[in-house]
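Each chain, letter by letter, is given below.
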Amino acid sequence: MDAIELIALGNKARSALLASGGIARPLSAFPQAPYFEAGGEIIWIGHYLPAWHPRAALTAKPVAAGLAVKLGAPPKLTWRREFPPMSAIDPHVVREAAAALLHAVCPLGRPRGFGALLCHADLDFPLGLARERVRELARAYSARDVEAVHSASRSLLGLGAGLTPSGDDLVAAALFGRRFIDRDAVWARLGVELVRDAGTASHEISAALLADAVAGESFEPLHELADALVAGDASGALAVAPALVRVGQASGWDMLAGLMIGILGARIFIDG
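Residues numbered from 1 in each chain as written. Predicted model: local features only at pLDDT ≥ 70, side-chain atom pairs only at ≥ 80, totals over all residues. Heavy atoms only, no water.

### Quick word on the overall build of the protein chain
- When you go through the protein chain residue by residue, the secondary structure sums to 10 helices and seven strands.
- The globule rule puts the C-alpha radius of gyration for 272 residues at 19 Å, and the 18 Å found for the protein chain is close to it.
- Projected onto its principal axes, the C-alpha positions of the protein chain cover 55 × 35 × 35 Å.
- Looking at the protein chain as a whole, 54% of its 272 residues qualify as buried.
- For the protein chain, the exposed surface amounts to about 11,300 Å²; the carbon and sulfur share of it is 54%. (Helix = DSSP H or I, 4+ residues; strand = E, 2+ residues; numbered from the N terminus. Rg over C-alpha atoms; globule rule 2.2 N^0.38 Å. Buried < 20%, exposed > 50% of the residue type's maximum accessible area, 1.4 Å probe, protein only. Areas by Shrake-Rupley, 256 points an atom, 1.4 Å probe, with all protein chains shown as cover.)

Below, the structure written as structure tokens:
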């Protein structure tokens, strides 16, 4: 097969393709999805990239769904993001900027998925059935009750439509937000357990993306928004938010809601 030219890669996609010799195969459970297996890892391949991610491979032309593909030599550009060091973060500054952002996100447009919680709006079915579960998750983060966070998170995995269900995106971004401001090893251990839970309660793509979020490697707009909060710049975070909420059908809104829960806990139900 002819090799398809690569324009840019995320760091995890680069490692996976180097391990596989540039060959990527469709996932057996999701043959029509833009996610492929390469070198034992799940990667995303396409010629239009809505947002950078460590697993993304950007190609010069479209890639046929459901077929194995050979990709060309890795380009020089590799996209990678990580958590900033805790020495650069004042959790109080982050929380206050997040609280200010919470008051400003509703004019971005009709919130989708769990993003409706940020605007105190009704949740669409079936998410509305889980409103109390999300409240439990927020309260657990406020109380720093790791066991309760685990229980509430696990109850949300697999909930919702789409390739990555809303519950999965919410849970992943919430833990991303908490680990962003609190590097206690208990949150990393919780992440390992939730990744294991996602493998059975949801599916392999969500489990992989959840593992990335726990490690501090997620979508570019999520990192940029979090970085603005570190600077105490709620206006800068609001400027980035439209790029985040455009990710997926509802994933970006779900991630925004999750990030706020991980940082603010139950305050999202009080401050909005």
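### Comments concerning empty space enclosed by the protein
- According to the stated counting rule, one finds one cavity of 30 Å³ or more in the structure shown.
- In this structure, the largest cavity spans a volume of roughly 120 Å³.
- When residues of the lining of the largest cavity are traced back to their parent elements, those giving at least two are α5 (166-181) and α7 (204-214).
- Residue composition of the lining of the largest cavity, grouped by class: eight nonpolar, four polar and two charged. (1 Å grid on protein atoms, 1.4 Å probe; cavity = no way out; pocket = protein on both sides within 12 Å on 5 of 7 lines; lining within 4 Å. Points joined across faces, edges and corners; volume = space filled by probe spheres on them. Nonpolar A, V, L, I, M, F, W, Y, C, P; charged D, E, K, R; others polar.)

### Points about unusual backbone geometry
- Look at the link from phenylalanine 125 to proline 126: it is a cis peptide, with omega at 5°.
- One non-glycine residue, histidine 120, lies in the positive phi region at around 55°.
- Overall, histidine 120 belongs to the partly exposed group, its relative accessible area being 43%.

### Observations concerning the layout of surface pockets
- Considered as a void within the structure, the largest pocket measures approximately 700 Å³ in volume.
- What lines the largest pocket is a set of 32 residues, and nearest its centre among them are Thr164, Gly248, Gln249, Ala250 and Ser251.
- Elements with a minimum of two residues in the lining of the largest pocket: α5 and α10 (251-264).
- Sort the elements by how many residues they give to the lining of the largest pocket and α10 lands first, with three residues.
- Considering only residue class, the lining of the largest pocket consists of 17 nonpolar, nine polar and six charged.

### Re helix α8 (residues 220-230)
- Burial runs high along α8: eight of the 11 residues are buried.
- What α8 keeps buried is the set Pro221, Leu222, His223, Leu225, Ala226, Ala228, Leu229 and Val230.
- Of the surrounding elements, those touching the buried residues of α8 are β7 (78-79), α2 (91-102), α5, α9 (234-245) and α10.
- Where α8 ends, the next residue or the one after it, glycine 232, has phi of about 70°, a positive value. (Contact = heavy atoms within 4.5 Å.)

### Notes on the state of the cysteines
- As enumerated under the stated definition, the model contains one disulfide in all.
- Sulfur-sulfur distance for the disulfide between cysteine 106 and cysteine 119 comes to 2.2 Å. Between cysteine 106 and cysteine 119, the S-S torsion sits near -120°, and that sign places the bridge as left-handed. Separated by 13 residues along the polypeptide, cysteine 106 in the loop between α2 and α3 (131-143) and cysteine 119 in the loop between α2 and α3 bring together distant segments of the chain.
- By relative accessible area, which is 31% here, cysteine 106 ends up partly exposed. (Disulfide = S-S within 2.5 Å.)

### Looking at the packing of α2 against α10
- Relative to each other, α2 and α10 sit at 140°, their axes nearing to 10 Å. By the angle class used here, α2 and α10 are oblique. α10 is crossed by α2, and the crossing has left-handed handedness. Only Met260, Ile263 and Leu264 of α10 make contact with α2, whose side of the interface consists of Val94, Arg95, Ala98, Ala99, Leu101 and Leu102. (Axes fitted to C-alpha atoms, helices over the stretch in contact; angles between N-to-C directions. Parallel < 35°, antiparallel > 145°, perpendicular 65-115°, else oblique. Left-handed = near helix turned anticlockwise from the far one by under 90°.)

### A word on the packing of aromatic side chains
- This structure, assessed with the given rule, holds five aromatic pairs.
- An angle of 25° between the planes, with centres 5.6 Å apart, marks the rings of tyrosine 141 and tryptophan 187 as stacked. Placement of the pair is tyrosine 141 in helix α3 and tryptophan 187 in helix α6 (residues 185-201), with a sequence separation of 46 residues. When sorted by exposure, tyrosine 141 lands in the same class as tryptophan 187, which is buried.
- Clustering of aromatic rings is evident, with ring pairs tying together Phe83, Phe176 and Phe180.
- Positioned above the aromatic ring of phenylalanine 269 is the side chain of arginine 135, whose terminal nitrogen or guanidinium carbon lies 4.3 Å from the ring centre. (Phe/Tyr/Trp six-rings, centres within 6.5 Å; stacked < 30°, edge-to-face > 60°. Lys NZ or Arg CZ within 6 Å of the ring centre and 35° of its normal.)

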